[in-house]
Amino acid sequence: MSELFTAEEYHRILCPNPPDFLSEYGKLPLVKRLSGVGLLCGTDWTPLFKNSFFYSRLDHSLGVALIIWNFTHDRAQTLAGLFHDVSTRAFSHVTDFRNGDALTQESSEDINARLVDEDNKLKELLVRDGLSSSAVDDYHMYPIADNPCPRLSADRLEYMYPSGAALSGEWSIEEVRKNYSHIKVLADESGCPELGFDSEEAALTYTKKFTAISLLLQHNEDKIAMQLMADVVSRAVACKIICEDDLFLKSEEELISIFDGFAESRKDIVFTRLHKTFRNMTHVLHTDFPLPKHYCVSLEVKKRYINPLVMEAGEKSAVRISDRSLEAKNLIEDFLAYRDTSYGCVPIVE
């Protein structure tokens, strides 16, 4: 991991005094397997992206839990945050692209609650701590943990810091420290608790960086990486190189090693072409039409953005940054209006 941004130091910023129980629950196999699943959806494994470090779904889940504990000191909410991604398969939201769900990217949550409810080792800990599985199996019920876009939640707050740091160097650890120090629990338009900022400057900084990072996820580069890996995985299953359960049982590193070996064997030329293209592509052609002898995608994908609350000292109520700052309003509107070219294409590697 980058010397400038480590999960350990970042997590200490999110919660200087983490609860002891979090470490114990984090060691459960249900949660620990996420250490081999990347937050950045397979882009760690292609030279098309230059990710500066690997940040796992376990890192993310711990980060979300730490934010929730830092602001609520509520055990159930904190554990719900820790467990919110236990259904995530290898390569993360690539599963949603396999399912034709690029626009909402929620299909991979399909069995999350069931996995929590049916885990016997987890049940033992919950009984000991006087909690039911229904209190921790759905973080959507806790607005600090999760809420509808474009509100700010622990989940969205957490993933955008390391995503920006890894993808483009958008956040340094000191920038995160400064920005996070201005996070407070505020009340939204309906009086519901929501994370927000006590400084317009901090809220604007977060909005600038969030929209810049989210814009990367709207580019055809990201669309191609996600859909091509989805096709690689689906072909691997069809060829019986792996089975669906392997996406839970094996790390991304293990799967990539299997894929590399099978691609070299050339036992299935379709798989070889797909995987070698993914592992060797370095640039994308932005076109209005598909190109022959190229792998091309034309997709609409989920727009991730935040319009955070801000309430400075002495003010009686919070407002959205877009209502306070014309610059923020324009940033958000420009992001929502952005469209890449109709197609992104990369040459197929034989």
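Up top you'll find the structure we're talking about.
Residues numbered from 1 in each chain as written. Predicted model: local features only at pLDDT ≥ 70, side-chain atom pairs only at ≥ 80, totals over all residues. Heavy atoms only, no water.

Undergrad: Sorry if this is basic, but what is going on with the pattern of salt bridges here?
TA: For side chains bearing opposite charge, pairing can occur when the charged atoms are close. One pass over the structure, following the stated rule, counts 23 salt bridges. With a shortest N-O distance of 3.0 Å, R177 and E9 are connected by a salt bridge. In this pair, R177 sits in helix α10 (residues 173–180) while E9 sits in helix α1 (residues 7–14), placing the two residues 168 residues apart along the sequence. Through salt bridges with shared partners, a single network forms among E24, R75, R128 and D129. (Salt bridge = Lys/Arg side-chain N within 4 Å of Asp/Glu carboxyl O. Helix = DSSP H or I, 4+ residues; strand = E, 2+ residues; numbered from the N terminus.)

Undergrad: I'm lost on the environment of N70 in this one. Help?
TA: For N70, the location among the structural elements is in helix α4 (residues 57–72). In this structure the C-alpha to C-alpha distance between N70 and Y305, which are 235 residues apart in sequence, comes to 23 Å. With residues near it in sequence (within four places) discarded, N70 still touches L14, C15, P16 and Y180. Within polar-contact distance, the side chain of N70 engages the side chain of Y180 at 3.4 Å. (Contact = heavy atoms within 4.5 Å. Polar contact = N/O pair within 3.5 Å; in protein donor to acceptor, adjacent residues only side chain to side chain.)

Undergrad: For this particular structure, what's the right way to read the state of the cysteines?
TA: This structure, assessed with the given rule, holds one disulfide. Paired by a disulfide, C296 and C345 hold their sulfur atoms 2.4 Å apart. Judged by the torsion about the S-S bond (115°), the C296/C345 disulfide is right-handed. Of the two residues, C296 sits in strand β4 (residues 294–297) while C345 sits in strand β7 (residues 343–347), which places them 49 residues apart along the sequence. We classify C296 as partly exposed; its relative accessible area is 23%. Among the residues examined, C345 registers a relative accessible area of 0% and is labelled buried. Here C192 stays unpaired: no disulfide links it, and the sulfur of C149, its closest cysteine neighbor, is 16 Å away. (Disulfide = S-S within 2.5 Å. Buried < 20%, exposed > 50% of the residue type's maximum accessible area, 1.4 Å probe, protein only.)

Undergrad: Looking at this structure, I do not really get the sheet that holds strand β2 (residues 193–197). What am I missing?
TA: Backbone hydrogen bonds hold the strands of a sheet together, and the pairing may be parallel or antiparallel. Within the open sheet, the four strands sit side by side as β1-β2-β5-β6. Their pairing is mixed. Each end of this open sheet is capped by a strand with a single partner; those strands are β1 (183–187) and β6 (319–320). Of the pairings in the sheet, the one linking β1 to β2 comprises five bridges and is antiparallel in character. The residue of β2 that forms the bridge with I183 is F197. (Pairing = 2+ DSSP bridges.)

Undergrad: Just to check I follow, could you spell out the packing of α1 against helix α9 (residues 154–168) for this structure?
TA: Axes are the key here: two packed helices are described by the angle between their axes and the distance separating the axes. Where α1 contacts α9, the two axes come as close as 12 Å, and the packing angle between them is 145°. Of the two possible hands of crossing, α1 and α9 adopt the one that is right-handed. Residues Y10, H11 and L14 of α1 form the contact with α9, whose own contacting residues are L157, E158, Y161 and P162. Of the residues in the contact of α1 with α9, the class split is five nonpolar, one polar and one charged. (Axes fitted to C-alpha atoms, helices over the stretch in contact; angles between N-to-C directions. Left-handed = near helix turned anticlockwise from the far one by under 90°. Nonpolar A, V, L, I, M, F, W, Y, C, P; charged D, E, K, R; others polar.)

Undergrad: Explain the pairing of β2 to me, please; I cannot follow it from the model alone.
TA: Looking along a regular strand, one sees side chains alternate from face to face of the sheet. Extensive coverage of β2 is indicated by the burial of four of its five residues. Between β1 and β2, which follow one another and run antiparallel, lie five residues, and G191 among them has a positive phi close to 85°. In this sheet, strand β5 (residues 309–310) lies alongside β2 in parallel orientation, the contact comprising two bridges. Looking across to β5, one finds that F197 is bridged to V310.

Undergrad: What am I meant to see in the layout of surface pockets here?
TA: Any empty space left between atoms is shown by rolling a water-sized probe over those atoms. One number sums up the size of the second largest pocket: a volume of about 260 Å³. Taken together, the elements giving at least two residues each to the lining of the second largest pocket come down to α1, α2 (20–26) and α4. The leading source of residues in the lining of the second largest pocket is α1, at four residues. (1 Å grid on protein atoms, 1.4 Å probe; cavity = no way out; pocket = protein on both sides within 12 Å on 5 of 7 lines; lining within 4 Å. Points joined across faces, edges and corners; volume = space filled by probe spheres on them.)

Undergrad: Sorry if this is basic, but what is going on with the sheet that holds strand β3 (residues 285–287) here?
TA: Strand order in the open sheet formed by three strands is β3-β7-β4, with antiparallel pairing between adjacent strands. Two strands in the sheet have a free side with no partner beyond their single neighbour: β3 and β4. Shown here is a sheet whose adjacent strand axes are inclined to one another by a mean of 30°, direction ignored. Both β3 and β7 contribute to a ladder of three bridges, which runs antiparallel. For H286, the partnering residue across the bridge sits in β7 and is G344. Here helix α12 (residues 220–238) sits on the sheet in contact with β3, β4 and β7, set at roughly 110° to β4.

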